[in-house]
Amino acid sequence: MKPTPRNRPNRRNDRKPEKFDPNAPIWLWGTHAVTAALNNPDRRIHRLCATKNAALKLSEVGSLPVQPEDCLPKQIDELLPRDAVHQGIAVLVSPLPELTVEDILDYQRIVVFDQLTDPHNIGAIFRSAAAFGFQAAILQTRNVPPMTGIAAKTAAGAIEIVREVRAVNISRAIDTLKENGFHVVGLDGGSETMLSNAVSGVPKIALVIGAEGSGLRHGVANACDVIASIPIERTMESLNASNAAAIAFYEVSRANS
């Protein structure tokens, strides 16, 4: 009898994970996310699924691009990821047209994400950005999840307002912004420069938000014009990324209103 070979790969688990197709349609769910998508002329709508109660709320959209499919909540559950809180409505859409950094150089307020990967955090930051007049967000092409249903639900429709830009290299994107008149401010709790001073009277500003824990990467921090902090009580070491971003957006809005 032959000995059993050791360390033989398990063929059942030897498959490579499927790559995300950036051009494939995606599901968005939740009242605010779906309504915003339906109101966005840049969105191509493929399917609209709604319960009877949810369909009644679509009157505020006006002329719908597709006819709603009358569905039970369980039927919508089966279309979406597990535990998706869809509020009885979901829409299948094409991704928005891709933009480059060069497409947003006429904007005045931009947020830049450095290594943020949590879709809930990203969605929350998009929501705050829209609330305070930020027009675009730059995210890294690699290692950052696509703006799909979870982020869109958390953003409450803001992904239809704040333009998403993907960049291969964040430091180079920052250099391009600086060359075109942007004052680039990185957020770091260890800086002695107060954010209010760093953003006051600046006509074109880009705020760079780092990942929780690791913060801004060295190269990204060096690319910024200035590193600034939000004053908080010493009893708390730091704020999470989405809370810090919301305060920073407010400070920019207040200082330049």
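Residues numbered from 1 in each chain as written. Predicted model: local features only at pLDDT ≥ 70, side-chain atom pairs only at ≥ 80, totals over all residues. Heavy atoms only, no water.

Chemist: How would you summarise the packing of helix α4 (residues 119-131) against helix α9 (residues 241-255) if you had to cite specific residues and measurements?
Modeler: Taken N-terminus to C-terminus, the directions of α4 and α9 make an angle of 10 degrees; their axes are 9 Å apart at the nearest point. The angle between α4 and α9 places the two elements in the roughly parallel class. When α4 is examined against α9, the residues Asn121, Ala124, Ile125, Ser128 and Ala129 are found in contact with a partner set consisting of Ala241, Ser242, Ala245, Ala246 and Phe249. Its residues assigned to classes, the contact of α4 with α9 comprises 7 nonpolar, 3 polar and no charged. (Axes fitted to C-alpha atoms, helices over the stretch in contact; angles between N-to-C directions. Helix = DSSP H or I, 4+ residues; strand = E, 2+ residues; numbered from the N terminus. Parallel < 35°, antiparallel > 145°, perpendicular 65-115°, else oblique. Contact = heavy atoms within 4.5 Å. Nonpolar A, V, L, I, M, F, W, Y, C, P; charged D, E, K, R; others polar.)

Chemist: Explain the pairing of strand β8 (residues 183-187) to me, and be specific about the residues and the numbers.
Modeler: With 4 of 5 residues buried, β8 is to be regarded as a mostly interior element. Pairing of β8 with strand β9 (residues 205-210), which is carried by 4 bridges, proceeds in the parallel orientation. Each bridged residue has a counterpart across the sheet, and for His183 the counterpart in β9 is Ile205. The pairing of β8 with strand β10 (residues 226-228) spans 3 bridges and is parallel. Of the residues in β10, the one forming a bridge with Val185 is Val226. (Buried < 20%, exposed > 50% of the residue type's maximum accessible area, 1.4 Å probe, protein only. Pairing = 2+ DSSP bridges.)

Chemist: Give a description of the sheet that holds strand β3 (residues 69-70) that names residues and reports values.
Modeler: Pairing between the strands of a sheet is mediated by backbone hydrogen bonds and can be parallel or antiparallel. One open sheet accounts for 4 strands, arranged β1-β4-β2-β3; its pairing is mixed. In this open sheet, the two edge strands, each paired with only one partner strand, are β1 (26-29) and β3. By the bridge criterion, 2 bridges tie strand β2 (residues 45-50) to β3 in an arrangement that is parallel. The partner of Ala50 across the bridge, within β3, is Asp70.

Chemist: Residue-level account of the nonpolar core, with values.
Modeler: Nonpolar side chains in soluble globular proteins generally cluster together in the buried interior. Within the largest apolar cluster, 51 residues are counted, with the highest numbers of intra-cluster contacts made by Val91, Phe113, Phe126, Leu195 and Leu207. When near neighbours in sequence (up to four residues on either side) are disregarded, Phe113 contacts Ile122, Ile125, Phe126, Ala137, Ile138, Leu139, Ile170 and Ile209. In this structure, Ala173, Val184, Ala206 and Val220 belong to the second largest nonpolar core, which totals 23 residues. (Core = buried A, V, L, I, M, F, W, Y, C linked by side-chain atoms within 4.5 Å.)

Chemist: How would you explain the packing of aromatic side chains if you had to name every residue and give the values?
Modeler: By the definition in use, this model includes 3 aromatic pairs. Aromatic pair Phe134 and Phe249: ring centres 4.4 Å apart, planes at 45 degrees, arrangement tilted. Taken together, the positions of Phe134 in the loop between α4 and β6 (136-140) and Phe249 in helix α9 put the pair 115 residues apart, joining distant regions of the chain. In this pair, the class of Phe134 matches that of Phe249, namely buried. (Phe/Tyr/Trp six-rings, centres within 6.5 Å; stacked < 30°, edge-to-face > 60°.)

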